[in-house]
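Breakdown of the fold
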Amino acid sequence: MNDSIMLKNICEQPNVVADCLAIELPLSDRVLSAQRIMLLACGSSRHAGLVAQHWFETIAKIPIQVLDAAAWTDRSPLVESNTLIIALSQSGKTKDLLEALTQIKAVTPEIQVLAIVNGSDSPLVHLADSAIVTPAGPEGAVAATKSFSAQLVILARIAVNLAEYKSLISPSIVPVSISKLRTDLKVLPQAIAKSLNNLQRHIGKGVGLDWMVSESIVLLGRGIQQPIALEGALKLKETAYVHAEGFGAGDFCHGPMAILKPGFPIIALMPDQKMRSDLDRFQALGCTVIGIGKRGHECLPGLDQVFELESIADWLMSFLIVLPLQLLAYDWARSRELNVDQPRYLTKFIG
Ligand code: M6R
């Protein structure tokens, strides 16, 4: 039942990811030999950047900062000329990002800017030194879904290419098997398709679940899943207008958990043993805990509701974890009879 553009966009992700794995990446030696990376983006694009931060640090061993382009002009960040700027934007038209880049280029004209963008003829492409156009196709709904996955694939591939480039120069710096990483990536389209098929037996039908009577919800993630908690919360806010907040699972216990009360829904992303003991406490307080993780994972049984996903390499699980969050946002909005494709007050890009 693809009766909305958002649901159609969600279901296109297996093909989009396959297409993004197939394109050539025009990465010059200048890009590959960067000493550090500064990634600038807004909204969902920034969340994709925060996921990729883990890949650049752990796989390519390159220092990276992910910055909110909307806050750039309020600060005076120092940009060294050996830094690669990655400008990440679905539309390529986001004013905050364009302003930040214009300011950087004015101060440091020699800086290399690599744009990753879904709209090929956008101002961002003209401002950048090089560009990778994600073959996601037009994303008609305001909520970013397939463009988010497209950005993730391209960033994962860049991290692997940087690792490969570095390993040729000094093999001891990058102790990972490049061919293993590339093999991991190849299974993504099928794993996304299978996960979506299984999930759509239960969600993505436009019907609200019991706990969707709440006006608030918390999403908890640790490490690379923390930005997915932020992304899920953004999807729920902009489509269903619920007060959703994403937290690092550890940080949530340092104060925010005082908001909990019986019936409060909590979504736990890939809970490990440490998170699971907190979730047991939250269940004892009467909260409703929804777990998302790999099929058969030992920390899922006993939670109030569980969404299981295909089992792929851990470093790529964010591609799957985001899927039920997109579908739940769709369901919650539809159950409130909201226009999921065109939320109130919002436009597809903030120009
Ligand atoms: O086109 P961009 O990627 O630059 O847009 C950035 C944000 O405005 C955008 O991701 C926004 O947060 C989405 N509506 C989220 O779904």
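What this report covers is the structure whose coordinates are included nearby. (Residues numbered from 1 in each chain as written. Predicted model: local features only at pLDDT ≥ 70, side-chain atom pairs only at ≥ 80, totals over all residues. Heavy atoms only, no water.)

**Some details on the environment of S149**
Keep this limit in mind: Helix numbers and strand numbers start at the N terminus; a helix is a DSSP run of H or I with at least 4 residues, a strand a run of E with at least 2. What makes two residues a contact is simply this: any of their non-hydrogen atoms within 4.5 Å.
Examined against the element boundaries, S149 turns out to sit in helix α7 (residues 146-169). Separated by 171 residues in sequence, S149 and L320 place their C-alpha atoms 9.5 Å apart. Setting aside residues no more than four positions away along its own chain, S149 makes contact with Q13, V17 and F319.

**So, the site of the ligand**
Heads up, the condition is: Throughout, the term near means that a residue has one or more heavy atoms lying within 4 Å of the molecule or strand in question. Under this definition, polar contacts are N or O atom pairs within 3.5 Å; protein pairs additionally need one hydrogen-donor-capable and one acceptor-capable atom, and for neighbouring residues in sequence, both atoms have to be side-chain atoms. Per-residue and other accessible areas were derived by the Shrake-Rupley procedure at a 1.4 Å probe size, with only the shown protein chains allowed to occlude residues. Charged means Asp, Glu, Lys or Arg here, nonpolar means Ala, Val, Leu, Ile, Met, Phe, Trp, Tyr, Cys or Pro, and polar covers whatever is left, Gly included. What fixes the domain bounds is an automatic or database domain assignment.
Neighbouring the ligand are 14 residues, the closest being S45, S89, S91, T94 and E238. The separation between an oxygen atom of the ligand and a polar side-chain atom of S45 is 2.6 Å. S89 is positioned with one of its side-chain polar atoms (N or O) 2.7 Å from an oxygen atom of the ligand. For the ligand, whose free accessible area comes to 410 Å², the fraction covered by protein is 90%. Going through the elements one at a time, α4 (43-58) and α10 (226-240) are the ones with two or more residues in the shell around the ligand. Classifying every residue of the shell around the ligand gives five nonpolar, seven polar and two charged. Mapping the shell around the ligand onto the domain boundaries places at least three of its residues in each of domain 1 (5-186) and domain 2 (192-335).

**Notes on the sheet that holds strand β6 (residues 216-221)**
So the rule is basically this: Note: two strands are recorded as paired if DSSP finds a minimum of 2 bridges between them. To define axes, lines are fitted to C-alpha atoms, for helices over the stretch in contact only, and angles between the resulting N-to-C directions are given on a 0 to 180 degree scale.
The parallel open sheet is built from five strands, whose spatial order is β7-β6-β8-β9-β10. One side of each edge strand has no neighbouring strand; the edge strands of this open sheet are β7 (243-248) and β10 (305-309). Each adjacent strand pair in this sheet contributes to an overall mean axis angle of 15 degrees, direction not counted. Across five bridges, strand β9 (residues 288-294) lies against β10 in parallel orientation. Each residue of the ladder has a partner; that of G291, found in β10, is V306. The sheet strands contacting α10 are β6, β7 and β8 (265-269), and the helix crosses β7 at an angle near 175 degrees. Against the sheet, helix α13 (residues 318-335) contacts β6, β8, β9 and β10, and its axis sits at roughly 130 degrees relative to β10.

**Quick word on the packing of α4 against α10**
For clarity, the threshold we go by: Note on angle classes: values under 35 degrees are labelled roughly parallel, values over 145 roughly antiparallel, values of 65 to 115 roughly perpendicular, and the remainder oblique. Should the near helix be turned anticlockwise from the far one by less than a right angle, the crossing is left-handed, and should it be turned clockwise, the crossing is right-handed.
Contact pair α4 / α10: the axes reach a minimum separation of 8 Å and the direction vectors enclose 165 degrees. If you check the angle between α4 and α10, you find them roughly antiparallel. Crossing hand, α4 versus α10: left-handed. Residues G43, S44, H47, L50 and V51 of α4 lie in contact with α10, whose contacting residues are P227, I228, L230, E231, L234 and K235. When its residues are assigned to classes, the contact of α4 with α10 shows six nonpolar, three polar and two charged.

**Side note on α7**
Every α-helix winds through 3.6 residues per turn, so residues three or four apart in the chain are directed the same way. Filter applied, for reference: One less than the number of residues in a helix, times 1.5 Å, gives the span that helix is expected to have. Between buried and exposed lies partly exposed: a residue is buried under 20% and exposed over 50% of the maximum accessible area for its type, with that area taken using a 1.4 Å probe on protein chains only.
The first and last C-alpha atoms of α7 sit 35 Å apart over 24 residues, in line with the 34 Å expected at 1.5 Å per residue. Within α7, 19 of the 24 residues are buried, which leaves it mostly tucked inside the rest of the structure.

**Points about the packing of aromatic side chains**
Short version of the rule: Aromatic rings from Phe, Tyr and Trp, with only the six-membered ring used for Trp, were paired whenever their centres fell within 6.5 Å, and each pair was classed as stacked if the ring planes differed by under 30 degrees, edge-to-face if by over 60, and tilted otherwise.
Following the criterion strictly, the structure yields five aromatic pairs and no others. Taking the centre distance of 5.7 Å and the plane angle of 85 degrees together, the rings of W211 and W332 count as edge-to-face. Of the two residues, W211 is situated in the loop between α9 (188-199) and β6 and W332 in helix α13; the sequence distance between them amounts to 121 residues. The class of W211 is buried, set by a relative accessible area of 7%. One aromatic cluster is present, built from ring pairs that chain together W55, W315 and F319.

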